[in-house]
Amino acid sequence: MLDKGFNGRRRGASRFRDGAAVALVLLSCGLAGASESGATPSFRIDQPSQPLAESLRAIARQTGVSIVFDPGKVSGRKSLAVSGQLTASQAIAKALEGSGLAPIVMGDGSIVVRPAVAPVDAPQPAASGAVQPASPTVRAPAAGVQPVRLAQAPSPTLSDSGPGGASEITGTTAWLTRVEVTGSRLKRIDADGPTPVNVYTRADIERSGQPTLERFISSLNETSVSPGEGGLGQTTGQGSVQLRGLPLGSTLVLINGRRVQAVGSSSGNYFNLNLIPMAAVERVEIVPVGSSAVYGGDALAGVVNIILKKAISGIALDARIGSGSGIGDGSLSIGTGGSDTAGSFLLLASFNKVTPLTMSERGFFKDGDFRRFGGVDARTRSCTPGTVSSANGANLPGLSASFAAIPVLAPGQPLTISSFAATAGQANLCNSMSNGNGLALVHGTENLALHAAAERQLNAAWSAFTEATFAKDRLYAQQAGALLSNVLVPASNHYNPFGVPVRVTTRLGLENGAEALARDTDFTRLLLGLRGDIVPGWEFETAISTTRDDGGSRTSNTSANVAARNAALGASTAAAALNPFTTGQAASESVLKSIWPDSVRDSHGRKDQVSAFLRGSLLDLPAGPLDLIAGAETARDRYQTANPGVFQIAGSRSSSAVFGEVRVPLWRTAAGANPGQELAALTLAARRDRYSDFGSADTYQAGLEVRPARTVLLRASTATSFKPPTLLQTHVGETRLTTDAYGLLDPLRSNAQVLGGEVLRVTNPNLDPETGRAFSLGAVWEPESAAGTRLGLTVWRVKIDGLISLLWPQTALDNEALFPGFVTRLPGVGGQPGPVSRVLYSEVNFGHVDTVGADMEVAHAWKAAGAKWSAGASATRTARHEVVLAPGAPVEDRLARRAVDYWSPKWKGRVFASVDQGAWSLGITSRYLGAYLDTAPSNRRLGNYWVHDLSATLNLKRLGLGLSAAKESALSLAIANVGDRLPEYVGTYPYYDVTQGDWRGRYAGLRLSMSW
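Note that the structure is predicted; figures quoted are calculated from it, not measured. (Residues numbered from 1 in each chain as written. Predicted model: local features only at pLDDT ≥ 70, side-chain atom pairs only at ≥ 80, totals over all residues. Heavy atoms only, no water.)

1. Quick notes on the overall build of the protein
So the rule is basically this: Helix and strand labels come from DSSP, where a helix needs a run of H or I of at least four residues and a strand needs a run of E of at least two; each type is numbered from the N terminus. Residue burial is assigned from relative accessible area. The probe radius is 1.4 Å, only protein chains are included, and a residue is buried under 20% of its type maximum, exposed over 50%, and partly exposed in between. Should any heavy atoms of two residues lie within 4.5 Å, those residues are counted as being in contact.
Looking only at helices and strands, the protein features ten helices and 53 strands. Buried positions account for 57% of the 1012 residues belonging to the protein. For the protein, the share of sequence-separated contacts (at least 6 apart) that also reach a separation of at least 24 residues comes to 69%.

Here it is, written out as structure tokens:
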């Protein structure tokens, strides 16, 4: 699949509409003209006077810039000779001299050739101070994070272009290029199509102030909940996304439109967004409804397409430092790139570091007594020091109570029974989670990455391209001290002052080492492809790629070797004994290591794939060209995870797919001197995927676009989707345990205890994929009477059936008829069912989730007082979020009712405003989270609050600071959560809402960007 809009290859027929339409020709050689910093590259161009159409094609090939023109307007004209070191627009302007035509640079870097004088039927210029809407696909600029649309004419009076630029076309026809946007593999003129697509630019990400890609996506309206960060999140520090609050792993992640592997460190369940270097991200495109017919499996909730940079001209430097209370981050990237007649290249290196944030740095966790919030007292005896208690329930020797808090003595002072006299009957109570450093709220990370992209012209029609990304990612956190929970300390222990066995609960001081996690991952993505025109109007592309991650994680001081611990607790010598009564060094390093050895896990994920497609216009119907794409893919996935000496799981699968998509124009206004305006079109897509381990899946998608007026779009879509079982679910290592260990009861034998049977953990060979359906119905209106305004509404529904879950053995017994073969019995006697001999413990397809809602938006842009202004609001209103997870269980309403995994608030929205004066800009975004209730049976009200973000940018060159050598230079400040709002208390562990909370609080980032 091609990069969308900015850098994608653009070929074939194109059109424009604004009361009149003509056939246009769109030319490209792979790269848009604008660099990532906004500077425009120049090229050495030498060509003679020749037919104008040939001259334009030659400039497109040499510069890599998309050029749109009407063949009828250039027919019979000759260009002037063009020679020199020129930008694409300069070269085209030179070629057009004397032709009556002029170049116009569009918002995505493409160039439109149009008559130098506006057509007589063009609309009149807007009133002074208003913004003339470019087309029904324009979305007003946003200061806050707002979706923007690609491949559109800019609002003309907002442009600062020089002579011949877009600022001179106010009141003229809007000319649009044909591009590819996530949600369809077909190229189209209108960025708004039948399926809703939200596009967020690099500037949106930077202005948000969010330090990671995961946090940025989690802040968006279409992302109802977050899997959470740190040690208490579902992903243990790996970046993921939950569109519409649907189950983790049901959103497909693409890089440049291509699938990537589910990473090994995530147990093969999802791709880790943190492996993508932030410096390489150009934009994010989100389809917030299912889309498997276009992209294949895993797209139940939707698609997140991460578009990486492909163009830099010269050298670009970006440095950022961010800071909040107790946490900070910093990044540095440098890139270079260029292009000439032979091709182009980009090379970008980056380093990013985030310091960890633990519970000890937030007063919320200071003692675990949450009664101050109207909650529970969650304190435990797992403190430093802890509490000692009698092993037999009697009073401790010499004391009047059966337990006592361990006192803190001066260094070197030995404990005696009398030392406990003042603490008898008392316990040291604390929040065990925050002891020592406390659990990680945000893990520390380091990421070193290299990203490269290149394209080389093989001849006038064909080019080869490549992409490569390498990243070394490290995650770490030093947390609480090592735990001793109610351990028996024999009388023989060298440090036991009581002379009898006692029990101790404590966490050792950090001198003995902390519970720690360190995870290292090497990520590689390589791609090589070929694309070109087989015949005019038909584009062919093929690519081979591999993505892989290889990593290892090490946990320290979390799992005790019970035999070594008991030996140290019973040792009578200081050298061999473990002292559970101290706040200092509890044992020698060798003794501690023998009790708490490091646990090492190796994980690997890999996807190798080959794809090819053919795209073009099949025939001309009365209403316009019928566009078609047909292609095939084949892939192999591998997953492996192992803890040496404990377990090893490995699996692989091969898959193949054929797919096709067609856009059928249905209706067009009557043609006059020019072809009429398209009023309706139908898009159909189908895909068949075949997997080596579970079979095949067929998915379909259909969309309808109706344009009853030039400024109105009505659209509807429906799609089916699926998610195949993960390799971990289809490659389960068999284990056998007795039914006695599970406390099983047999409902067919009067709930008699099941004894002597077998519980077999095994792969279910009949496991099917999860399936989904998605529907959307929407409208977009950009009224001419309110220039610069956009209003949009999309109603959607996403339903997922056959959720894959691990069936608990007792549930299998309680619902024996629903799961044939899961329960095996011995022969019955006297009509009574026989005793259970075996119960399978395996994954099954059961349950569903159904969510319905609406996305709303309004935006307006205008120019006044020498500045550009924009304002708007958007919101998602979820009306249904119903879940069934267990056989026989009633439908669970999770709308505005918190859950530990997936749910949805009723409202999530944002309001934004910005002003751009040229030398400086300022913006504010306010994010709203609607009211919701705590987990049942609590009715604690949560949410219903706003979070405010600020951003400001100074254009250092425009301020006249003597930076003449630099092409661009800007200093920007972004502050997320200006009001320092922290997560709210909830009634269950970990006592705050992981799915909504961000413990960074107020977080400021300062960025310097320069290019030469």
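2. Quick notes on the sheet that holds strand β24 (residues 483–489)
Sheet strands associate in pairs through backbone hydrogen bonding, adopting either a parallel or an antiparallel arrangement. The condition is simple: If DSSP finds at least two bridges between two strands, the strands pair. Fitted lines through C-alpha atoms serve as axes, helices being fitted only where they are in contact, and the angles separating the N-to-C directions of these axes extend from 0 to 180 degrees.
Across the sheet, which stays open at both edges, the four strands sit in the order β20-β19-β25-β24 with antiparallel pairing between neighbours. The two strands at the open ends of the sheet, each matched to only one other strand, are β20 (403–405) and β24. Strand-to-strand twist across the sheet, computed as the mean angle between neighbouring axes with direction ignored, equals 15°.

3. Considerations on the environment of P536
Mapped onto the elements, P536 comes out in the loop between β26 (514–535) and β27 (538–556). With a relative accessible area of 78%, P536 lands in the exposed category.

4. Notes on the packing of helix α1 (residues 52–63) against helix α3 (residues 88–96)
For clarity, the cut-off: By the definition adopted for this analysis, an angle is roughly parallel if under 35 degrees, roughly antiparallel if over 145, roughly perpendicular if from 65 to 115, and oblique otherwise. The handedness criterion is simple: a crossing whose near helix is rotated anticlockwise from the far helix by less than a right angle is left-handed, and one whose near helix is rotated clockwise is right-handed. Each residue gets one label: Ala, Val, Leu, Ile, Met, Phe, Trp, Tyr, Cys and Pro are nonpolar, Asp, Glu, Lys and Arg are charged, and the others, such as Gly, are polar.
Contact geometry of α1 with α3 gives a least axis separation of 10 Å together with a crossing angle of 170°. For the element pair α1 / α3, the angle class is roughly antiparallel. By crossing handedness, the relation of α1 to α3 is classed as right-handed. Judged by residue contacts, L52, S55, L56, I59 and T63 of α1 engage A88, A91, I92, A95 and L96 from α3. Its residues placed into classes, the contact of α1 with α3 shows eight nonpolar, two polar and no charged.

5. Here we look at the sheet that holds strand β34 (residues 735–738)
The four strands lie next to each other as β34-β37-β42-β41, forming an open sheet whose pairing is mixed. Looking at the sheet topology across the chains shown, the edges are occupied by β34 and β41 (823–825). This sheet shows a mean twist of 20° between the axes of neighbouring strands, independent of strand direction. Here β34 runs beside strand β37 (residues 758–761); their pairing, made up of four bridges, is antiparallel. Considered in β37, the bridge of R736 is made with L760.

6. Quick word on the confidence of the model for the protein
Note the cut-off: In predicted models, pLDDT denotes the confidence assigned by the predictor to each residue on a 0 to 100 scale.
With 86% of its residues at a pLDDT of 70 or more, the protein shows a mean pLDDT of 85. A low-confidence stretch, residues 117–179 stays under pLDDT 50, and its non-local contacts, those more than four residues away or across chains, total 210 contacts.

7. What to know about a nonpolar patch on the surface
Which entries qualify depends on this criterion: To count toward a patch, a residue needs a relative accessible area over 30% and no salt bridge; like charges are then connected within 9 Å, while nonpolar side chains (Val, Leu, Ile, Met, Phe, Trp, Tyr) are connected within 5 Å. With residues, only the protein chains shown are counted as cover, and all accessible areas are computed by Shrake-Rupley using a 1.4 Å probe. When a carboxyl oxygen of Asp or Glu lies within 4 Å of a side-chain nitrogen of Lys or Arg, that pair is called a salt bridge.
On the surface, a nonpolar cluster with roughly 840 Å² of combined accessible area is contributed by I321, W920, L922, L954, L959, L961, L971, L973, L1006 and L1008. Contributing elements (two or more residues each) for the nonpolar patch: β48 (920–929), β52 (968–976) and β53 (1003–1011). Along the polypeptide, L922 turns up in strand β48.

8. What to know about the pairing of strand β51 (residues 945–955)
Inspection of the sheet shows β48 paired to β51 by ten bridges, in the antiparallel sense. Looking across to β51, one finds that I924 is bridged to L950.

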